Amino acid sequence: MQIGIVGLPFSGKSTLFQAITRIHLDPSSLKKAEPHLATIKVPDARLDTLSTLFKPQKTTQAMIELIDVVGLKKGESGSTQFTTNFLTSVKMNDALVQVVRQFTNDAVPHPEGSLDAIRDIATFETEFIISDMGIIETRLERIKKQLQRSQDDTMKRELPILEKCNQFLQAEKPLREVDLTKEEILLLRTYQLLTIKPMLIALNCDETGQKAAEDLVSRVNESKGGKNTRAVSFFGKIDLEMSELPDDEASAFMAEYGIHESALATLIREAYALLGLQSFFTVGEDECRAWTIRRGMTAQEAAGVIHSDFVNKFIRAEVVHYDHFMAHGGSFSKAKEAGQWRLEGKEYAVKDGDIMSIRHS
Ligand SMILES: Nc1nc2c(ncn2[C@@H]2O[C@H](COP(=O)(O)OP(=O)(O)OP(=O)(O)O)[C@@H](O)[C@H]2O)c(=O)[nH]1
Ligand SMILES: [Mg+2]
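**So, the overall build of the protein**
Stage number 1. The helix and strand inventory of the protein stands at 15 helices and 14 strands.
Stage number 2. Each principal axis of the C-alpha atoms in the protein carries an extent, and together these give about 70 × 65 × 35 Å.
Stage number 3. A total of 361 residues make up the protein; the buried ones form 46% of that total.
Stage number 4. A separation of at least 24 residues holds for 67% of the contacts in the protein among residues at least 6 apart in sequence.
Stage number 5. For the protein, the exposed surface amounts to about 18,600 Å²; the carbon and sulfur share of it is 51%.
Stage number 6. The averaged location of the 52 negative side-chain charges in the protein is 6 Å from the averaged location of its 44 positive side-chain charges.

So this is what it looks like as structure tokens:
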């Protein structure tokens, strides 16, 4: 899974990227127009416990790719424009984190001269909407022309979907807020639209204004939140400082500022919720591993995430939930006696925290 960090200039995108990845970029690379990419390991206390229990040779956490997307520039009219670099990078992302500036820093004034999160979110959204409208209008024109010449079934099906999307965009509504069927989403995928991607709005706040930050999150969630959009706050400056400290010192530092959660933990929790992701585990003496899947995936589909061959060769899954396993002292045989270790078939809907072993041919 790939998440892109986007936002207006000087909002704190690279600060968030560095705080989360613990990669500290040198100032010269921050000025370059190239995206920064890193893989982050998804922390999971349950996997840590399983590892202590099994003492495997290897422990593998779930991974997320994070990209600090660069490339917004001011156009001649003064409006914001995306560079080709930006568009290429964003189109590949599964979800976006939009960093919105809400911190004060006299050394780096806000490009608009004042702090206004709602305005900045709208500015950014408008650019995304215009970009999507361009793509859809071009396609609509082409389809209409083609349909005058010959009747193509696929195009006939495509036309009303694109028209529906266009109407929403004209009404300044991002497509992530529109109810779309699975088929519609599949069809639209080829256009690599921007406003269809789930969006986490990350408000970069002053550490001294935590109450204000919470109020702002509620306000943004009320006006923008909903299907596929959520708002959270983080404290860029503090989060970056914290990422440079060893874990125990970072915890003390957080307590000192009354911060409950690091930017990394917030981002992962929210991204999982936004994308409907969950984890299951495989355990053993060789390896204990966390795997990320979409909610609602069946045992057979989940097996395919471990190895594509397992889809066709799937026989059954041995399943016990982490909580039940631990409640029985981390013993498979005790969990089995209690009826909580089960054999499940292809169609079993995997739950977050299931420990699974796939039986295959
Ligand atoms: N006081 C304060 N300064 C911050 C905070 N976050 C970022 N900054 C500063 O604001 C400036 C811009 O931060 P960046 O993280 O580089 O912002 P960016 O969005 O990556 O900027 P561009 O890539 O140039 O668009 C830097 O000088 C940061 O040190 C914050 O939470 N508090
Ligand atoms: Mg940057």
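Having seen it, we continue.
**Re the packing of helix α5 (residues 117–149) against helix α6 (residues 153–170)**
Stage number 1. One can describe the packing of α5 onto α6 by two numbers: an axis separation of 9 Å at closest approach and a directional angle of 150°. Relative to α6, the element α5 lies roughly antiparallel. At the point where α5 passes α6, the crossing takes the left-handed sense. Contacts from Ile129, Asp132, Met133, Ile136, Glu137, Arg139, Leu140, Ile143, Lys144, Gln146 and Leu147 in α5 reach Met155, Lys156, Glu158, Leu159, Leu162, Glu163, Cys165, Asn166, Leu169 and Gln170 in α6.
Stage number 2. A class-by-class count of the residues in the contact of α5 with α6 yields 11 nonpolar, three polar and seven charged.

**Some thoughts on the sheet that holds strand β4 (residues 63–68)**
Stage number 1. An order of β2-β4-β1-β7-β8-β9 is seen for the six strands of this open sheet, with the pairing classed as mixed. Both outer strands of the open sheet, β2 (36–41) and β9 (229–234), are each paired with one neighbouring strand and no more. Neighbour-to-neighbour, the strand axes of the sheet open up by a mean angle of 25°, direction not taken into account.
Stage number 2. Against the sheet, helix α11 (residues 263–275) touches β1 (2–7), β2, β4, β7 (95–102), β8 (199–205) and β9, its axis set at about 175° to β9.

**Considering the pattern of salt bridges**
Stage number 1. For the coordinates displayed, the defined rule picks out 21 salt bridges.
Stage number 2. Between Lys227 and Asp179 there is a salt bridge, and its shortest N-O distance comes to 3.6 Å. With a gap of 48 residues between them, Lys227 in the loop between α8 (210–223) and β9 and Asp179 in the loop between α6 and α7 (182–189) connect regions that are remote in the sequence.
Stage number 3. With its nearest N and O atoms 3.9 Å apart, the salt bridge here joins Glu287 to Arg289.
Stage number 4. Residue Glu287 is classed as partly exposed on the basis of its relative accessible area, which comes to 23%.
Stage number 5. Salt bridges linked by common partners bring Glu125, Lys173, Arg176, Glu177 and Lys224 together as one network.

**Describing the site of ligand 1**
Stage number 1. As a structural note, the neighbourhood of ligand 1 is formed by 14 residues, with Gly12, Lys13, Ser14, Thr15 and Asn105 the closest of them.
Stage number 2. In the model, an oxygen atom of ligand 1 is placed 2.9 Å from a nitrogen or oxygen of the Ser14 main chain.
Stage number 3. A distance of 3.0 Å separates a nitrogen atom of ligand 1 from a polar atom in the side chain of Asn105.
Stage number 4. For ligand 1, the accessible surface in isolation is 640 Å², of which the surrounding protein chains cover 76%.
Stage number 5. Counting atoms within 2 Å of the grid points, the majority share of ligand 1 lands in the second largest pocket.
Stage number 6. Those elements giving two or more residues to the shell around ligand 1 turn out to be α1 (13–21) and α9 (236–243).
Stage number 7. Here the shell around ligand 1 gets three residues from one element, more than from any other, and that element is α1.
Stage number 8. Across the shell around ligand 1, the residue classes break down as four nonpolar, eight polar and two charged.

**Some details on the side chain of Ser243**
Stage number 1. Here Ser243 is to be found in helix α9.
Stage number 2. According to the relative accessible area criterion, Ser243 is buried, its value standing at 8%.
Stage number 3. Those residues in contact with Ser243, other than ones at most four positions away along the chain, are Gln18, Ala19, Arg22 and His24.

Analysis parameters
Residues numbered from 1 in each chain as written. Chains lettered and ligands numbered in written order. Predicted model: local features only at pLDDT ≥ 70, side-chain atom pairs only at ≥ 80, totals over all residues. Heavy atoms only, no water. Helix = DSSP H or I, 4+ residues; strand = E, 2+ residues; numbered from the N terminus. Buried < 20%, exposed > 50% of the residue type's maximum accessible area, 1.4 Å probe, protein only. Contact = heavy atoms within 4.5 Å. Areas by Shrake-Rupley, 256 points an atom, 1.4 Å probe, with all protein chains shown as cover. Lys, Arg positive; Asp, Glu negative; His and termini not counted. Charge placed at Lys NZ, Arg CZ, Asp CG, Glu CD. Axes fitted to C-alpha atoms, helices over the stretch in contact; angles between N-to-C directions. Parallel < 35°, antiparallel > 145°, perpendicular 65-115°, else oblique. Left-handed = near helix turned anticlockwise from the far one by under 90°. Nonpolar A, V, L, I, M, F, W, Y, C, P; charged D, E, K, R; others polar. Pairing = 2+ DSSP bridges. Salt bridge = Lys/Arg side-chain N within 4 Å of Asp/Glu carboxyl O. Near = heavy atom within 4 Å. Polar contact = N/O pair within 3.5 Å; in protein donor to acceptor, adjacent residues only side chain to side chain. 1 Å grid on protein atoms, 1.4 Å probe; cavity = no way out; pocket = protein on both sides within 12 Å on 5 of 7 lines; lining within 4 Å. Sits in = over half its atoms within 2 Å of the grid points.

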